[in-house]
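What follows is each chain in one-letter form.
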Amino acid sequence: MMSSPTEESVRCNGESECGEVETPEHDPHFDPIVSLPLVDIHTNEEDEEELVKIRARLYRYNTGDHEWKERGTGDIKLLRHRTNNTVRVVMRRDKTLKVCANHFITPDIRMNVHCGSDKAFNWSVFADYADETCKQELLAIKFGNPQNAELWKAKFAEAQEIVRTKCSLYTQDQSSDDESSITRSEDTETPEPKSVDRPSEDDSKKETTDSKEDGVVLKLKELKVDGDKTE
């Protein structure tokens, strides 16, 4: 006759040898079929220092449809090169990390308030390489709060000053412009007429007569010497 579960539990509680059943710990280990070595991923940002990094949403103006289209959401950064002092804007999308903005800052870029908002700006870029090809873009960016927007504007102006005063591409152009302006100013100045002493006709005649007399004296001396020898 089979005992009921209640009787079995009562019997186990009454008997001393009935204790808790211990389950052994199971730690499964499976060797990988394929070994994947660690790979160093180069981001091309190793020689650059980060000036600012802010989370924002980026838009681009589509000239075909004449409307603004979202380009990505993520962290936008200003990266300064340690050697040549160039500064570029780099932004990657969340999760996919695909580049959606990649262009150098030039001193002539103007950061404009977008649609009267205190959290958005727009600017025009002559050469953006986000799609791995050089394209002229009109970009707009929107931040989460006005504080981040003001920080971005201040850091962007600071980056433009670094490029204008320390980047060799622009300092050489300025020096060449200064030299060309100096040469142009020198060319425009009318030189003072220099007085050239031209010999008068009497002086020229005198010089010719003097040269003739000298020649005659030399000839006379030669004749005198020859005469002395013949004697």
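Residues numbered from 1 in each chain as written. Predicted model: local features only at pLDDT ≥ 70, side-chain atom pairs only at ≥ 80, totals over all residues. Heavy atoms only, no water.

Visitor: Teacher, can you tell me more about the pairing of strand 7 (residues 135-143) here?
Guide: When a strand is regular, its side chains alternate between the sheet's two faces. Alignment of strand 1 (residues 48-62) against strand 7, held across five bridges, turns out to be antiparallel. Within strand 7, the position partnered with leucine 58 by the bridge is isoleucine 141. When strand 6 (residues 120-128) meets strand 7, the two strands line up antiparallel, connected through seven bridges. In the sheet register, tryptophan 123 faces strand 7, and the bridge partner there is leucine 139. In this antiparallel pair of consecutive strands, strand 6 and strand 7, the connection spans six residues, and glutamate 132 shows a positive phi of 65°. (Pairing = 2+ DSSP bridges. Helix = DSSP H or I, 4+ residues; strand = E, 2+ residues; numbered from the N terminus.)

Visitor: Could you clarify how one ought to interpret the pairing of strand 3 (residues 87-93) in this entry?
Guide: Extensive coverage of strand 3 is indicated by the burial of five of its seven residues. Looking at chain direction, strand 2 (residues 67-81) and strand 3 are connected through seven bridges and run antiparallel. The residue of strand 3 that forms the bridge with leucine 78 is valine 89. The hairpin formed by strand 2 and strand 3 contains five residues between the paired strands, and asparagine 85 there has a positive phi angle of roughly 60°. Alignment of strand 3 against strand 4 (residues 99-104), held across five bridges, turns out to be antiparallel. Opposite valine 90, over in strand 4, you have asparagine 102 as the bridge partner. Hairpin connection of strand 3 to strand 4: five residues between the antiparallel strands, including lysine 95 at a positive phi of 70°. (Buried < 20%, exposed > 50% of the residue type's maximum accessible area, 1.4 Å probe, protein only.)

Visitor: Would you explain the confidence of the model for the protein in this entry?
Guide: In regions of low pLDDT, the predicted coordinates are not meant to be interpreted in detail. Of all residues in the protein, 64% attain a pLDDT of 70 or more, and the chain-wide mean is 77. Confidence drops under a pLDDT of 50 for residues 181-196, and excluding neighbours within four residues, the segment shows one contact in the predicted structure. Contacts of residues 223-231 to residues separated by more than four positions or lying in other chains number zero contacts, the stretch itself having pLDDT below 50. (pLDDT = per-residue confidence, 0-100. Contact = heavy atoms within 4.5 Å.)

Visitor: Help me out: how do you make sense of the sheet that holds strand 4 in this one?
Guide: Within a sheet, neighbouring strands are paired by backbone hydrogen bonds and run either parallel or antiparallel to one another. Spatially, seven strands are ordered 4-3-2-1-7-6-5 in an open sheet, and the strand pairing comes out antiparallel. Every interior strand has two partners, whereas the edge strands, strand 4 and strand 5 (112-113), have only one. One ladder, built from two bridges, connects strand 5 with strand 6; its direction is antiparallel. Bridge pairing in strand 6 links asparagine 112 to asparagine 122. The strands that helix 2 (residues 146-166) touches are strand 1, strand 2, strand 3, strand 6 and strand 7; relative to strand 1, the one it contacts most, it runs at about 110°. (Axes fitted to C-alpha atoms, helices over the stretch in contact; angles between N-to-C directions.)

Visitor: Help me understand the packing of aromatic side chains in this model?
Guide: Across all of its chains, the model carries five aromatic pairs by this definition. Considering the side-chain rings of phenylalanine 143 and tryptophan 152, the 6.0 Å spacing of their centres and the 45° angle between planes classify their relative orientation as tilted. Judged by relative accessible area, tryptophan 152 falls into the buried class, the value being 0%. An angle of 50° between the planes, with centres 5.8 Å apart, marks the rings of tryptophan 152 and phenylalanine 156 as tilted. You can see tryptophan 152 and its partner phenylalanine 156 sitting in helix 2, four residues apart, about one turn around the helix. Counting every residue linked through ring pairs, the aromatic cluster contains Trp123, Phe143, Trp152 and Phe156. (Phe/Tyr/Trp six-rings, centres within 6.5 Å; stacked < 30°, edge-to-face > 60°.)

Visitor: Would you mind going over the pattern of salt bridges with me for this structure?
Guide: Should the charged atoms of two oppositely charged side chains come close, the side chains can pair. The full count for this structure, using the stated rule, is 13 salt bridges. In this structure, the salt-bridge partner of glutamate 49 is arginine 80, at a minimum N-O distance of 3.9 Å. Remark: arginine 80 occurs in strand 2 and glutamate 49 occurs in strand 1; sequence separation between them is 31 residues. According to the relative accessible area criterion, glutamate 49 is partly exposed, its value standing at 31%. Judged by its relative accessible area of 16%, arginine 80 falls in the buried class. When salt bridges that share partners are traced, they join Arg71, Asp128, Asp131 and Lys135 into one network. (Salt bridge = Lys/Arg side-chain N within 4 Å of Asp/Glu carboxyl O.)

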